[in-house]
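Structural characterization, general
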Amino acid sequence: EGGAGIDATLRENARLNLIDAAVKAGANELRPETSDSPAAQRAVALYEKALKFDPRNLDLNIGLGDARLIIARAATGPDQAAWFARARDAYAEALNAGPTGPKLQAANAGLGRAARGLGQLRESIGFYKAAGNDIRIASELGEAQVEYARSLPDGAEKQTAYKEG
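The text that follows walks through the structure, step by step, so that each part is easy to find. Position numbers for residues count from 1 along each chain, tracking the sequence in the order it is written. Residues qualify for local features only when their pLDDT is at least 70, as the model is predicted, and side-chain atom pairs are given and counted only at 80 or more; totals for whole chains, interfaces and linings, by contrast, use all residues. Hydrogens and water are ignored here; the side-chain numbers use all heavy atoms of the structure.

**Here's the deal with the nonpolar core**
- Take the buried Ala, Val, Leu, Ile, Met, Phe, Trp, Tyr and Cys residues and link them wherever side-chain atoms come within 4.5 Å; each set so joined is a nonpolar core. For every residue, the accessible area obtained with a 1.4 Å probe (protein chains only) is divided by the maximum for its type, and the residue is called buried under 20%, exposed over 50%, and partly exposed between those limits. Membership of the largest hydrophobic core comes to 23 residues, with the highest contact counts inside it found for Leu60, Leu64 and Leu69.
- Where this core is concerned, the elements lending two or more residues are α1 (3–29), α2 (37–51), α3 (58–74), α4 (77–96) and α5 (101–117).
- Going along the chain from the N terminus, every DSSP run of H or I of four or more residues is numbered as a helix, and every run of E of two or more is numbered as a strand. Top element by residues in this core is α3. It accounts for 7 residues.
- Within the second largest apolar cluster, 10 residues are counted, among which are Leu121, Ile137, Leu141 and Tyr148.

**Focus: the pattern of salt bridges**
- Note on definitions: salt bridges are taken to be side-chain nitrogens of Lys or Arg within 4 Å of carboxyl oxygens of Asp or Glu. All told, the structure shown has 9 salt bridges when counted by the stated rule.
- When the shortest N-O distance is used, the salt bridge between Arg86 and Glu48 registers 3.2 Å. One end of the pair, Arg86, is in helix α4; the other, Glu48, is in helix α2, with 38 residues separating them in the sequence.
- Linking Glu147 and Arg116 is a salt bridge whose minimum nitrogen-to-oxygen distance equals 2.4 Å. Here Glu147 is found in helix α7 (residues 135–151), whereas its partner Arg116 is found in helix α5, with 31 residues between them in sequence.
- Residue class for Glu147 comes out partly exposed when judged on its relative accessible area of 32%.

**Side note on the packing of helix α6 (residues 121–131) against α7**
- Remark: α6 packs on α7, axes separated minimally by 9 Å, with the N-to-C direction vectors making an angle of 160°. With respect to α7, the axis of α6 lies roughly antiparallel. Of the two elements, α6 crosses α7, and the hand of that crossing is left-handed. Residue-level contacts link Leu121, Arg122, Ser124, Ile125, Tyr128, Lys129 and Ala131 of α6 to Ile137, Glu140, Leu141, Ala144, Gln145, Glu147, Tyr148 and Ser151 of α7. To define axes, lines are fitted to C-alpha atoms, for helices over the stretch in contact only, and angles between the resulting N-to-C directions are given on a 0 to 180 degree scale. An angle below 35 degrees is treated as roughly parallel, one above 145 as roughly antiparallel, one from 65 to 115 as roughly perpendicular, and anything else as oblique. Crossing chirality is assigned from the near helix's rotation relative to the far helix, an anticlockwise turn below a right angle marking it left-handed and a clockwise turn marking it right-handed. Pairs of residues are marked as contacts when any of their non-hydrogen atoms sit within 4.5 Å.

**Things to note about α5**
- Given the number of residues in a helix, its expected span is that number minus one, multiplied by 1.5 Å. Helix length check: α5 (17 residues) gives 24 Å between terminal C-alpha atoms against 24 Å at 1.5 Å per residue, within 8%.
- Among all positions in α5, only Ala107, Asn108, Ala109, Gly110, Leu111, Gly112, Arg113, Ala114 and Ala115 are buried.
- Lining the buried residues of α5 we find α3, α4, α6 and α7.
- Count one or two residues on from α5 and you reach Gly119, which has phi positive near 80°.

**Some remarks on the environment of Arg88**
- Structurally, the position occupied by Arg88 is in helix α4.
- In this structure Arg88 comes out as partly exposed when scored by relative accessible area, which is 27%.
- Each C-alpha atom of the pair Arg88 and Asp66 lies 9.6 Å from the other, and the pair is 22 residues apart in sequence.

As structure tokens, then:
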């Protein structure tokens, strides 16, 4: 009696423990100084496995986006664009989960970085602006604005782009 309820509770606890372990293990692979693609590949594998149990998990999707960005920056040719697109997709899924505070900032900053990597400069500017104004994001926003203005063919358009920044 009550066996099904116990099994459901155990399954749910196991699922939550797995997700928590994946978040921690992935973060360990992606220490702040990490620019190592193999470490990022291991983190991607951890996050993707855990996301099968909780596809809309905010922390997992942000971590997955971060890992995919590292891989994108190390990749070349068409693989690079594919990894930036995959990073963008993970951050977009995180944003769909309705984050607030620092997690909202992380999702928007990640979207800005991924869009910029894809050459979508105007879109990246919007994401950076939504991400807030810490020094790193402000610097990346400024760089994206300059890149965007330089990409415009018309002098008047360039002036307008610089003024809008």
